[in-house]
Amino acid sequence: MKRSDLLTGELEDLYRARYRHFLRVATAIVGDETSGHDAVQDGFAQALREQGSFRGDGPLEAWVWRTIVNAALAARRRELARRASPEAIDAADSNGHATDDSGVRAWVAALPERQRLTVYLRYYADLDYRSISEVLGIEVGTVSATLSSAHQALRRSLEEVKQ
Amino acid sequence: MTDVEQLIISELERMSPLPDATRANWADVLQRAGVARRQVRLSRRPILAFAGALVVCLAIAVPAFGLSQDVVSWFSAPAAPGPAQEGFHSLDVGAPAGMAPGVSGTARSVMDTAVAGKDVHLWVAPTKSGGFCLYLETYGGGCDRDRSLTVSPGLAAHTMSGPWVVFGDVLPAKADHLQVTFANGESVSVPLTFVSDPINAGFFVYQVPSSDLAASDWPATFAAVGSDGTTLATATLSGLASVPAPLADSK
């Protein structure tokens, strides 16, 4: 059996086992479940097409997560461009998410992109720090620092609400 | 864990719970990747095509019933791994009205085998209505929720260049083996692995010798045959020309 066949099987197994988590993160990034699903499908399709570029020096799942996150970010950018009308801009916050959320989710949505992605990957995908570092292409220590910064920002938001 | 971390987790969970897998559709992924014509999984099973190999050895075999087949004691068979359990139990989520298989209880590994050098397991889970679902690791599966299919073969392939595998089950308790007859008239005898109550069915996995599966190599007829040579039940698989497009595997 060719290596590509083996990888295809592993990709399918991963898709079936973790689809819901991929969908959850992609939906959080893009803003709606339909677009999130498209991002997951496009991300896995890209992983299938480009599986020859997977060098195997890290977990397959982390490599796939990277394609999914990139697909979701690209989808969000396309959506922002499509909605680039004054009304749409007024209805969205600086991160491109509609401002109908309140509480923690809105606060997370307002975080800088790296912090936001780290939070999503940690709490929505349940990835450990090493996997997150491989997905985002940053050091493990940076993941820890980024998550800590996100916690601080969220704590400030929480305290502001309490006051 | 910090107070903020706890708050993040609880709030995110409350506002964005883990979505269901209704939309999951691997066939769509293949199509988007432009490889749908090479990556084919086929199944004649009616309820799902959720996730085949030379036959087999099994984990726990006990002599029983005076039959020549292998018999697996259901409650002694090892439990399937977590993701497989989740896969079975997610089949009900988002299933069309009346189509949910109603998987009930623990999925168990009833056969271990190898296809093209790769170990695969055949997992089975009972349904509430007395039937069962099966899943051949990597290749696919399906359900006979109500035990309505006396002989139920499925055909799957990893790629169009093979390996092609037929797998499935037979219900007649007196079946001794499965006779697979190909379109060119040749046939082969495939052993059965019977699983005890509450499954009460014989399972088979067979790797089709031809990797390109030309029309003459098509496994056309499947017969459950008794030890005296009596044909107990049969089923057929349509030829390639009439096989529908790969099934979407959304539940």
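Parameters and conventions
Residues numbered from 1 in each chain as written. Chains lettered and ligands numbered in written order. Predicted model: local features only at pLDDT ≥ 70, side-chain atom pairs only at ≥ 80, totals over all residues. Helix = DSSP H or I, 4+ residues; strand = E, 2+ residues; numbered from the N terminus. Contact = placed C-beta atoms within 7 Å. Buried ≥ 20, exposed ≤ 12 C-beta atoms within 10 Å, placed from the backbone. Core = buried A, V, L, I, M, F, W, Y, C linked by C-beta atoms within 7 Å. Pairing = 2+ DSSP bridges. Axes fitted to C-alpha atoms, helices over the stretch in contact; angles between N-to-C directions. Nonpolar A, V, L, I, M, F, W, Y, C, P; charged D, E, K, R; others polar. pLDDT = per-residue confidence, 0-100. Parallel < 35°, antiparallel > 145°, perpendicular 65-115°, else oblique. Left-handed = near helix turned anticlockwise from the far one by under 90°.

Draft legend 1. Region of interest: the overall build of chain A. On a plain count of helices and strands, chain A comes out with 8 helices and 0 strands. Listing each helix as α and each strand as β along chain A from the N terminus yields α-α-α-α-α-α-α-α. Residue pairs at least 24 apart in sequence account for 60% of intrachain contacts in chain A once pairs closer than 6 positions are excluded.

Draft legend 2. Looking closely at the overall build of chain B. Scanning chain B for helices and strands turns up 3 helices and 13 strands. Scored against the burial criterion, the 251 residues of chain B give a buried share of 45%.

Draft legend 3. Quick look at the environment of Asn 200 of chain B. As for its placement among the helices and strands, Asn 200 of chain B is situated in the loop between strand 10 (193-195) and strand 11 (201-207). Judged by the 16 C-beta atoms lying within 10 Å of it, Asn 200 of chain B is partly exposed.

Draft legend 4. Quick peek at the nonpolar core. Membership of the largest hydrophobic core comes to 53 residues, with the highest contact counts inside it found for Leu 122, Val 124 and Val 165 of chain B. Formed by 52 residues, the second largest nonpolar core is a distinct cluster that contains Val 40, Trp 65, Leu 117 and Leu 127 of chain A.

Draft legend 5. Looking closely at the sheet that holds strand 11 of chain B. Residues and elements named next belong to chain B. Strands sit in the order 1-10-11-7-6 across an open sheet of 5 strands; the sheet is mixed. Strands with a single pairing partner mark the edges of an open sheet, and in this sheet they are strand 1 (70-72) and strand 6 (151-157). Across the sheet, the axes of successive neighbouring strands diverge by a mean angle of 25°, strand direction being ignored. Two elements, strand 1 and strand 10, share 3 bridges in a ladder whose sense is parallel. Following the sheet pairing, Val 71 is matched in strand 10 by Phe 194.

Draft legend 6. Quick peek at the sheet that holds strand 3 (residues 118-126) of chain B. All names here are of chain B. Strand order in the open sheet formed by 4 strands is 2-3-4-5, with antiparallel pairing between adjacent strands. Each edge of the sheet is formed by a strand with only one pairing partner; in this case those strands are strand 2 (108-115) and strand 5 (140-144). This sheet shows a mean twist of 15° between the axes of neighbouring strands, independent of strand direction. Here strand 3 pairs with strand 4 (residues 132-136) via 5 bridges, running antiparallel. Its bridge partner lying in strand 4, Pro 126 is registered against Phe 132.

Draft legend 7. Just the pairing of strand 6 of chain B, in detail. All names here are of chain B. Across the 7 residues that make up strand 6, a large majority, 7, are buried. Residues of strand 6 alternate between two faces, with Val 151, Pro 153, Leu 155 and Ala 157 on one and Ser 152, Gly 154 and Ala 156 on the opposite face, all of them buried. The pairing of strand 6 with strand 7 (residues 164-170) spans 7 bridges and is antiparallel. Bridged to Val 151 within strand 7 is Val 170.

Draft legend 8. Quick look at the interface of chain B and chain A. Between chain B and chain A, the residue contacts involve 32 residues of the former and 32 residues of the latter. The set of elements that each furnish at least two residues to the side of chain B that touches chain A consists of helix 1 (3-15), helix 2 (26-33) and helix 3 (82-89) of chain B. Top contributing element to the side of chain B that touches chain A by residue count: helix 1 of chain B, with 8 residues. Partitioned by chemical class, the residues of the side of chain B that touches chain A number 17 nonpolar, 8 polar and 7 charged.

Draft legend 9. Highlighting the confidence of the model for chain A. Residue and element names in this part refer to chain A. When the pLDDT values of chain A are averaged, the result is 80; 82% of them are 70 or greater. Helix 4 (residues 86-90) is the least confidently modelled element of chain A, averaging 43 in pLDDT, while helix 2 (residues 33-49) averages 92, the highest of any element. Low pLDDT (under 50) marks residues 85-101, which in the prediction has 19 contacts with non-local residues, meaning those over four places away or in another chain.

Draft legend 10. Quick peek at the packing of helix 2 of chain A against helix 3 (residues 60-82) of chain A. All names here are of chain A. The contact between helix 2 and helix 3 brings their axes to 8 Å, and the two run at 130°. Judged on the interaxial angle alone, helix 3 and helix 2 are oblique. The chirality of how helix 2 crosses helix 3 is right-handed. Every residue of helix 3 that contacts helix 2 at Ser 35, Gly 36, Asp 38, Ala 39, Val 40, Asp 42, Gly 43, Gln 46 and Ala 47 is listed here: Val 64, Thr 67, Ile 68, Ala 71, Ala 72, Ala 75 and Glu 79. For the contact of helix 2 with helix 3, the class distribution of residues is 8 nonpolar, 5 polar and 3 charged.

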